[in-house]
Amino acid sequence: MSQRNWLSSMLTLRCPKCRKGPLFQSGQISRPGSLFSMHSACPHCKQSFEPEPGFYFGAMFVSYGINTALFITAWVALLFIYPNYSLGLLLGILVVVVLLSLPFSFRLSRSIWLALFVRFDSSTGNTGNP
Ligand SMILES: [Zn+2]
């Protein structure tokens, strides 16, 4: 298996230190709360996924950016599909987009935030490679 790079490990929600261990426990759509369950430490290299209390407060700003990009994409799509839209329709679509993307944006924003502060350690990431 080839080594993940910084971007692919972030997008596939992997530990930024070893790029192998999953950040989140496997969620089930039938139990929505499980979609937000995160490992306390990396199952592969034992890197803590909460370096300090309140660490993920800053991930809200990343989530804000992701949601803004989704809003603009939905708005532009609506402009092309239905140019005479009403404000109520736009707000309804935005609420649906936010609710459907919530698990995605939550997980991705935490992955990006953690990757900004935890450095890759090749000694932990190469244990499975020849
Ligand atoms: Zn790890």
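Given the structure is predicted, the values throughout are model-derived calculations rather than measurements.

Caption draft 1: Looking closely at the packing of aromatic side chains. A full pass over the atoms with the stated rule returns six aromatic pairs. An angle of 85° between the planes, with centres 6.0 Å apart, marks the rings of Phe-57 and Phe-61 as edge-to-face. Pairwise contacts between aromatic rings join Phe-55, Tyr-56, Trp-113 and Phe-117 into one cluster. Looking at Arg-19, its charged tip hangs above the ring of Phe-120, at a distance of 3.8 Å from the centre. For Arg-110, the ring lying beneath its charged end belongs to Tyr-56, and the centroid distance is 4.2 Å.

Caption draft 2: Molecular detail of the environment of Phe-120. Mapping Phe-120 onto the fold places it in the loop between helix H3 (87-117) and helix H4 (122-125). In the structure, Phe-120 is positioned 115 residues away from Asn-5 in sequence and 9.5 Å away in space, judged by C-alpha atoms. With residues near it in sequence (within four places) discarded, Phe-120 still touches Gln-3, Pro-16, Lys-17, Cys-18 and Arg-19.

Caption draft 3: The arrangement of a nonpolar patch on the surface in detail. Taken together, the side chains of Phe-71, Ile-72, Trp-75, Val-76, Leu-79, Phe-80, Ile-81, Tyr-82 and Leu-89 make up a nonpolar region of the molecular surface, amounting to roughly 890 Å² of accessible area. Ranked by residues supplied to the nonpolar patch, first place goes to helix H2 (residues 59-81) with seven residues. Tracing the sequence through the fold places Leu-89 in helix H3. For Leu-89, a relative accessible area of 34% translates into the label partly exposed.

Caption draft 4: Geometry of the coordination of the zinc ion. Those donors, Cys-15 (SG), Cys-18 (SG), Cys-42 (SG) and Cys-45 (SG), are the protein atoms that reach the zinc ion, and they lie 2.2 to 2.4 Å from it. All donors of the zinc ion come from a single chain, and their spacing in sequence reads C-x2-C-x23-C-x2-C. One end of the pair, Cys-15, is in the loop between helix H1 (6-11) and H2; the other, Cys-45, is in the loop between H1 and H2, and 30 residues separate them in sequence. Note on accessibility: Cys-15 and Cys-45 belong to one class, buried.

Calculation notes
- Residues numbered from 1 in each chain as written.
- Predicted model: local features only at pLDDT ≥ 70, side-chain atom pairs only at ≥ 80, totals over all residues.
- Heavy atoms only, no water.
- Phe/Tyr/Trp six-rings, centres within 6.5 Å; stacked < 30°, edge-to-face > 60°.
- Lys NZ or Arg CZ within 6 Å of the ring centre and 35° of its normal.
- Helix = DSSP H or I, 4+ residues; strand = E, 2+ residues; numbered from the N terminus.
- Contact = heavy atoms within 4.5 Å.
- Patch = residues over 30% accessible without salt bridge, like charges linked within 9 Å, V, L, I, M, F, W, Y side chains within 5 Å.
- Areas by Shrake-Rupley, 256 points an atom, 1.4 Å probe, with all protein chains shown as cover.
- Salt bridge = Lys/Arg side-chain N within 4 Å of Asp/Glu carboxyl O.
- Buried < 20%, exposed > 50% of the residue type's maximum accessible area, 1.4 Å probe, protein only.
- Donors = N, O, S within 2.8 Å, 3.2 Å for Na, K, Ca; no water.

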